[in-house]
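Observations on chain architecture
So the chains spell out like this:
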Amino acid sequence: MSEPRARRLRVAEVVRETGDACSLVFDIPDDLSSEFAYRPGQFLTVRVPADDGAVARCYSLSSSPETGDRPAITVKRAGYGSAWLVDHVAAGDELDVLPPAGTFIPASLDADLLLFAGGSGITPVMSIVKSALARGRGQVTVIYANRDENSVIFARQLRELTADNPRLLVIHWLDSVQGYPSPGALAALARPFKDYETFLCGPGPMMEAAADALSGLGVQRRRVRTERFASLTEDPFAERPRDDAGAAGPAATLEVTMDGEKRVLPWPAGARMLDVLIDAGLDAPFSCREGICGACACQVTDGEVKMANNDVLTGEDVADGFILACQSDPLTGTVSITY
């Protein structure tokens with residue numbers, strides 16, 4: 001049985017960002033500081049109370065680990081879980097939260113960065129921007145699309161950051177003024193920055209338009225990292241009982257190298273790789289358990305697996321041997337992985 005790694009965190013402050021968005025600032029106890037250390041662009045998974053139990057939702061950290069601020073997620077009212085948080089959470093409340101996860105992270109804060117954001121997609125982008133300005137040396141360009149001026153999250157902060165940092169350029173796009181952004185229009189904005197390391201986060205249509213724009217500019221897919229909004233259908237906070245009796249699929253042996261130490265584990269038939277690791281007492285990272293966040297990514301060094309679902313790893317990632325532990329079943333008698 002796989003145990004959840006949830007921690008109960010106190011909300012220190014609720015900051016209203018727009019009429020339908022707020023930031024929840026967390027107090028992190030000293031004994032959890034290492035567990036909740038994060039990198040710019042990562043997210044937290046939050047348990048949201050519901051009439052029939054609870055739902056789990058992932059929210060990007062908008063704070064920066066490089067500026068000394070307390071960790072904060074930003075939530076926009078959309079769907080039951082987000083609406084509940086925006087409308088009900090107050091300072092002093094406590095929420096069940098999983099440790100930081102996600103791969104929407106710059107390889108280097110010194111790189112030149114091109115960041116596309118749509119709506120609340122600005123949340124992880126804001127963390128990257130503040131971190132790059134605090135610790136990096138490169139140029140940072142943000143192309144930020146919104147419905148109208150009142151929908152712009154972090155409008156004041158972006159103005160202040162731009163005024164204080166000549167390395168930062170923010171280009172706003174308002175649908176109410178310019179219409180919905182087309183690939184051609186986005187390509188024209190992005191052309192001077194097409195050699196930058198590029199990130200996309202926002203609603204599906206906007207991300208597709210931005211991806212088409214970059215493709216038209218000749219930007220290679222491996223240089224573009226994306227973060228997609230997705231609601232979880234399962235509860236990663238719940239214990240996950242497993243009945244191996246009669247389970248489909250072969251048994252195998254799993255060799256795992258983590259933190260420089262190697263372990264050899266039996267891999268029962270029907271078990272996913274992540275469950276094998278957690279059942280063995282290893283602190284394997286995970287969050288969504290649905291193949292959409294990338295938190296459980298590791299690299300296969302020998303053997304083969306089959307992933308039931310993958311909405312986050314690119315073709316280049318898979319070619320390099322990266323897989324999602326939460327979705328992986330063995331195809332060979334022995335599988336070796338490393339974190």
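What comes next is a walk through the structure. These numbers were taken from a predicted model, which means no experiment stands behind them. (Residues numbered from 1 in each chain as written. Predicted model: local features only at pLDDT ≥ 70, side-chain atom pairs only at ≥ 80, totals over all residues. Heavy atoms only, no water.)

**Quick look at the packing of helix H5 (residues 183-190) against helix H6 (residues 204-216)**
Our working rule: What counts as an axis is a line fitted to C-alpha atoms, over the stretch in contact for a helix, and the angles between N-to-C directions run from 0 to 180 degrees. Helix and strand assignments come from DSSP, with helices taken as H or I runs of at least 4 residues and strands as E runs of at least 2, each series counted from the N terminus. If an angle is under 35 degrees, it is roughly parallel; if it is over 145, roughly antiparallel; if it lies from 65 to 115, roughly perpendicular; otherwise it is oblique. Take the far helix as the reference: if the near one is turned anticlockwise from it by less than a right angle, the crossing is left-handed, and if turned clockwise, right-handed. Throughout, a contact is declared for two residues whenever any of their heavy atoms are within 4.5 Å. Lys, Arg, Asp and Glu make up the charged group, whereas Ala, Val, Leu, Ile, Met, Phe, Trp, Tyr, Cys and Pro make up the nonpolar group; the residues left over, Gly among them, are polar.
Between H5 and H6, the least distance of the axes is 8 Å, while the angle of their chain directions is 60°. In terms of orientation, H5 lies oblique with respect to H6. The way H5 lies across H6 gives a crossing that is right-handed. The residues of H6 that touch H5, namely those facing Pro-183, Leu-186 and Ala-187, are Met-206, Ala-209, Ala-210, Asp-212 and Ala-213. A class-by-class count of the residues in the contact of H5 with H6 yields 7 nonpolar, no polar and 1 charged.

**Thoughts on the pairing of strand E2 (residues 21-27)**
Operational definition: Three labels apply to residues, based on accessible area from a 1.4 Å probe with only protein chains included: buried if under 20% of the type maximum, exposed if over 50%, partly exposed otherwise in between. Strands qualify as paired when DSSP identifies two bridges or more between them.
For E2, the buried fraction is high: 6 of the 7 residues fall into the buried class. Judged from the 7 bridges that link them, strand E1 (residues 7-18) and E2 form a sheet pairing that is antiparallel. Residue pairing across strands places Arg-16 opposite Cys-22, the latter belonging to E2. Here E1 folds back onto E2, and the loop between the two strands holds 2 residues. Looking at chain direction, E2 and strand E5 (residues 72-76) are connected through 5 bridges and run antiparallel. Within the sheet, the bridge partner assigned to Val-25 lies in E5 and is Ala-72.

**Some words on the pattern of salt bridges**
Threshold: Basic side-chain nitrogens of Lys or Arg form a salt bridge, by our definition, when they fall within 4 Å of a carboxyl oxygen of Asp or Glu.
In the structure shown here, the tally under the stated rule is 14 salt bridges. Across the salt bridge formed by Arg-70 and Asp-27, the nearest N and O atoms sit 3.5 Å from each other. Of this pair, Arg-70 sits in the loop between strand E4 (53-60) and E5 while Asp-27 sits in strand E2, and the two are 43 residues apart along the sequence. Ionic pairing is found between Arg-272 and Asp-329, a salt bridge with its closest N-O pair at 3.1 Å. Of the two residues, Arg-272 sits in the loop between strand E13 (261-267) and helix H7 (273-279) while Asp-329 sits in strand E17 (residues 328-330), which places them 57 residues apart along the sequence. Among the residues examined, Arg-272 registers a relative accessible area of 25% and is labelled partly exposed.

**Examining helix H2 (residues 122-135)**
Working note: α-helix, 3.6 residues per turn, so residues spaced by three or four point in the same direction. The line we're drawing: Multiplying 1.5 Å by the helix residue count minus one yields the expected span of that helix.
With 14 residues, H2 should reach 20 Å at 1.5 Å per residue; the first-to-last C-alpha distance of 20 Å fits that figure. The buried fraction of H2 is high, at 12 of 14 residues.

**Structural notes on H6**
For clarity, the cut-off: Our arc is simply the arc of the directions from the helix axis toward the C-beta atoms.
Look at H6: 18 Å from first C-alpha to last across 13 residues, which is about the 18 Å you get at 1.5 Å a residue. Of all the residues in H6, the buried ones are Met-206, Met-207, Ala-209, Ala-210, Ala-213 and Leu-214. Seen end-on, H6 carries its buried residues on one side only, within an arc spanning 160°. The outward face of H6, more than 90 degrees from its buried face, is lined by the exposed residues Pro-205, Glu-208, Ser-215 and Gly-216. Backbone geometry just downstream of H6 places Gly-218 in the positive-phi region, at approximately 85°.

**Considerations on the sheet that holds E2**
Here 6 strands make up an open sheet; going across it, the order is E4-E3-E6-E1-E2-E5 and the pairing antiparallel. Two strands in the sheet have a free side with no partner beyond their single neighbour: E4 and E5. Going from strand to strand, the sheet's axes swing by 40° on average, the running direction of each strand aside. The pairing of E1 with strand E6 (residues 94-101) spans 4 bridges and is antiparallel. Bridge assignment links Arg-8 to a residue of E6, and that residue is Asp-96.

**Comments concerning the sheet that holds strand E12 (residues 252-258)**
The mixed open sheet is built from 5 strands, whose spatial order is E13-E12-E18-E14-E16. One side of each edge strand has no neighbouring strand; the edge strands of this open sheet are E13 and strand E16 (322-324). The average angle at which neighbouring strand axes cross in this sheet is 35°, direction not considered. Across 3 bridges, the pairing between strand E14 (residues 297-302) and strand E18 (residues 334-338) is antiparallel. Its bridge partner being in E18, Asp-302 is matched across the sheet by Ser-336.

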